[in-house]
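Summary of the model geometry
Chain by chain, the residues:
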Protein chains: 2
Amino acid sequence: MVTKQFTGSPEDADLRRADSLAREIFSDVANKWALLIIEALGERVLRFSELRDEVEGISHKMLTQNLRMLERNGLIERTVYPVVPPRVEYALTGPGQALRVTIDSLCDWTHRHLGHIEAARRRTDTAAAADSPDTGR
Amino acid sequence: MVTKQFTGSPEDADLRRADSLAREIFSDVANKWALLIIEALGERVLRFSELRDEVEGISHKMLTQNLRMLERNGLIERTVYPVVPPRVEYALTGPGQALRVTIDSLCDWTHRHLGHIEAARRRTDTAAAADSPDTGR
DNA sequence: CTGTATCCCGCGAGATACTG
DNA sequence: CAGTATCTCGCGGGATACAG
């Protein structure tokens, strides 16, 4: 992730700050739930409850938590319609759309390499099984 | 992430299996440490200790744990040189290299949007500060 | 140097209950 | 429906010690 050598010169302060910010953002974004939420919103604008259904296995808490985080970082936009019952919609912002593109490529990668990975797993798993003393009856 | 409608027909069993495998892989790969390790190995082949230095802030335990996981999934290759003291090198495999490309684009995205994100944060952070009763003095 | 095994604490995260 | 607030528990993950 573009590691730099800091020499101690004055303008390095800015670089160091940007670098730590970048790491922070990376930590925020590089997590399963955040990525899956962005991916889901890529299809279309979604309401809270739709997101909960769309993002398989996410809990109420993790969903709100990640939505707040993504909003804070300006990746999604939250729109509240003053009706009853409340209606809240989440949409990707520009940067959010851009991020979505790279997530798409990550998904592509996953599907393209399913076979290779499954094979690799079988290999190492059976090798490991061979090591440990036979537990089969 | 390419969600499908399952109808219950026989060949759906395979699709469902592939889908759950894809989610599993996604969960493995979409985590901070795994991504940072892959990214580090993109530059060049690295030894264990080099990786520990390269991947800022990772603990001994998390490093080995993720290395095992990545090896099991066939994304990295582990080479042991029978010398003393031991020398072990980790390298990206083909799929690992491919993954690295998409991670690069994620890093690019991060750096391209640093400004936007920082601004968004300032906005929501100051807004939040305005809400809570003034704690100053 | 590389790697496994323990111990143990803190926090991630689910479940639940309650407001608007 | 959307969201916040608690409580609680399990386990993620750091520190440490030890082995090859």
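Right above here is the structure, for reference.
My aim in this report is to walk through the structure given alongside it, one point at a time. As the structure is a prediction and not an experimental result, all values here were calculated from the model.

Points about the protein's contact with DNA strand D
Inspection of the region around DNA strand D gives 14 residues, with Phe48, Ser49 and Arg78 of chain A together with Ser59 and Lys61 of chain B positioned closest. Within the side chain of Ser59 of chain B, an N or O atom sits 2.2 Å from a phosphate oxygen of DNA strand D. Where the surface near DNA strand D is concerned, the elements lending two or more residues are helix 3 (48–54), helix 4 (60–72) and strand 3 (87–92) of chain A together with helix 4 (60–72) of chain B. The class makeup of the residues in the surface near DNA strand D is 7 nonpolar, 3 polar and 4 charged.

Points about the interface of chain A and chain B
Chain A puts 44 residues into the contact, and the matching count from chain B is 44 residues. For the pair chain A and chain B, the summed buried area comes to about 4300 Å², and 67% of that belongs to carbon and sulfur atoms. The largest per-residue losses of area from chain A upon contact with chain B belong to Phe26, Trp109 and Arg121 of chain A, which jointly make up 17% of the total buried on that side. The interface formed by chain A and chain B holds 6 salt bridges in total. One salt bridge connects Arg121 of chain B with Glu24 of chain A, and the closest N-O pair in it is separated by 2.7 Å. For the pair chain A and chain B, the interface holds 18 residue pairs in polar contact (both at pLDDT 80 or more). Elements supplying a minimum of two residues to the side of chain A that touches chain B: helix 1 (12–29), helix 2 (32–43), helix 4, helix 5 (94–112) and helix 6 (114–131) of chain A. Taken together, the residues of the side of chain A that touches chain B sort by class into 21 nonpolar, 11 polar and 12 charged.

Overview of the packing of helix 2 (residues 32–43) of chain B against helix 4 of chain B
Residue and element names in this part refer to chain B. In contact at an axis separation of 10 Å, helix 2 and helix 4 are set at 75 degrees when each is read in the N-to-C sense. The angle between helix 2 and helix 4 places the two elements in the roughly perpendicular class. Facing helix 2, whose interface residues are Trp33, Ala34, Ile37 and Ile38, helix 4 presents Met62, Leu63, Asn66, Leu67, Met69 and Leu70.

Considerations on the side chain of Thr93 of chain A
All names here are of chain A. Residue placement: Thr93 occurs in the loop between strand 3 and helix 5. Only 2.7 Å separates the side chain of Thr93 from the backbone oxygen of Gly74, close enough to count as a polar contact. Not counting residues within four places of it along the chain, the set of residues in contact with Thr93 comprises Gly74, Leu75, Ile76 and Glu77.

Digging into the protein's contact with DNA strand C
The local shell around DNA strand C holds 14 residues, among which Ser59 and Lys61 of chain A together with Ser49, Arg78 and Tyr90 of chain B are the closest. Within 4 Å of the protein, atoms of DNA strand C come from sugar and phosphate in 64% of cases. In this structure, a sugar or linking oxygen belonging to DNA strand C sits 2.9 Å away from a side-chain N or O atom of Arg47 of chain B. Elements with a minimum of two residues in the surface near DNA strand C: helix 4 of chain A together with helix 3 (48–54), helix 4 and strand 3 (87–92) of chain B. In the surface near DNA strand C, the residues fall into 7 nonpolar, 3 polar and 4 charged.

Considering the pairing of strand 3 of chain A
Residues and elements named next belong to chain A. Burial runs high along strand 3: 5 of the 6 residues are buried. For strand 1 (residues 46–47) and strand 3, the ladder comprises 2 bridges, and the chain directions are antiparallel. Opposite Leu46, over in strand 3, you have Tyr90 as the bridge partner.

Points about the state of the cysteines
Under the counting rule described, the total for this entry stands at 0 disulfides over all chains. In this structure Cys107 of chain A is a free cysteine whose sulfur lies 17 Å from that of Cys107 of chain B, the closest cysteine sulfur available. Given a relative accessible area of 4%, Cys107 of chain A falls into the buried group.

Thoughts on the nonpolar core
The biggest cluster of nonpolar side chains holds 70 residues, and the ones touching the most others in it are Ile37 and Leu51 of chain A together with Ile37 and Leu51 of chain B. Leaving out residues up to four positions away in the same chain, Ile37 of chain A has contacts with Leu51, Val55, Ile58, Leu63, Asn66, Leu67 and Leu70 of chain A.

Some thoughts on the sheet that holds strand 3 of chain A
Residues and elements named next belong to chain A. Judged by pairing direction, the sheet is antiparallel, and its 3 strands sit side by side in the order 1-3-2 without closing on themselves. Edge positions in the open sheet fall to strand 1 and strand 2 (76–81), since each of these has one partner strand only. Of the strands in this sheet, strand 1, strand 2 and strand 3 touch helix 2, which is tilted by about 95 degrees from strand 3. Along the sheet, helix 4 contacts strand 2 and strand 3; its crossing angle with strand 2, the most-contacted strand, is approximately 110 degrees.

Description of the relation of the copies chain A and chain B
Under the fitted operation, chain A is carried onto chain B by 0.0 Å of movement along the axis and a turn of 180 degrees, and the coordinates agree to an RMSD of 0.0 Å. What the rotation and shift describe, once combined, is the action of a two-fold rotation axis. When C-alpha positions in chain A are compared against the rotation axis, the closest is assigned to Asn31 of chain A, at 2.6 Å. An overlap of 100% is found between the interface residues of chain A and their copies at the interface of chain B, pointing to a shared contact surface.

Conventions adopted
- Residues numbered from 1 in each chain as written.
- Chains lettered and ligands numbered in written order.
- Predicted model: local features only at pLDDT ≥ 70, side-chain atom pairs only at ≥ 80, totals over all residues.
- Heavy atoms only, no water.
- Near = heavy atom within 4 Å.
- Polar contact = N/O pair within 3.5 Å; in protein donor to acceptor, adjacent residues only side chain to side chain.
- Helix = DSSP H or I, 4+ residues; strand = E, 2+ residues; numbered from the N terminus.
- Nonpolar A, V, L, I, M, F, W, Y, C, P; charged D, E, K, R; others polar.
- Contact = heavy atoms within 4.5 Å.
- Buried area = accessible area lost by both parts, 1.4 Å probe.
- Salt bridge = Lys/Arg side-chain N within 4 Å of Asp/Glu carboxyl O.
- Axes fitted to C-alpha atoms, helices over the stretch in contact; angles between N-to-C directions.
- Parallel < 35°, antiparallel > 145°, perpendicular 65-115°, else oblique.
- Buried < 20%, exposed > 50% of the residue type's maximum accessible area, 1.4 Å probe, protein only.
- Pairing = 2+ DSSP bridges.
- Disulfide = S-S within 2.5 Å.
- Core = buried A, V, L, I, M, F, W, Y, C linked by side-chain atoms within 4.5 Å.
- Least-squares fit on C-alpha atoms with pLDDT ≥ 70 in both.

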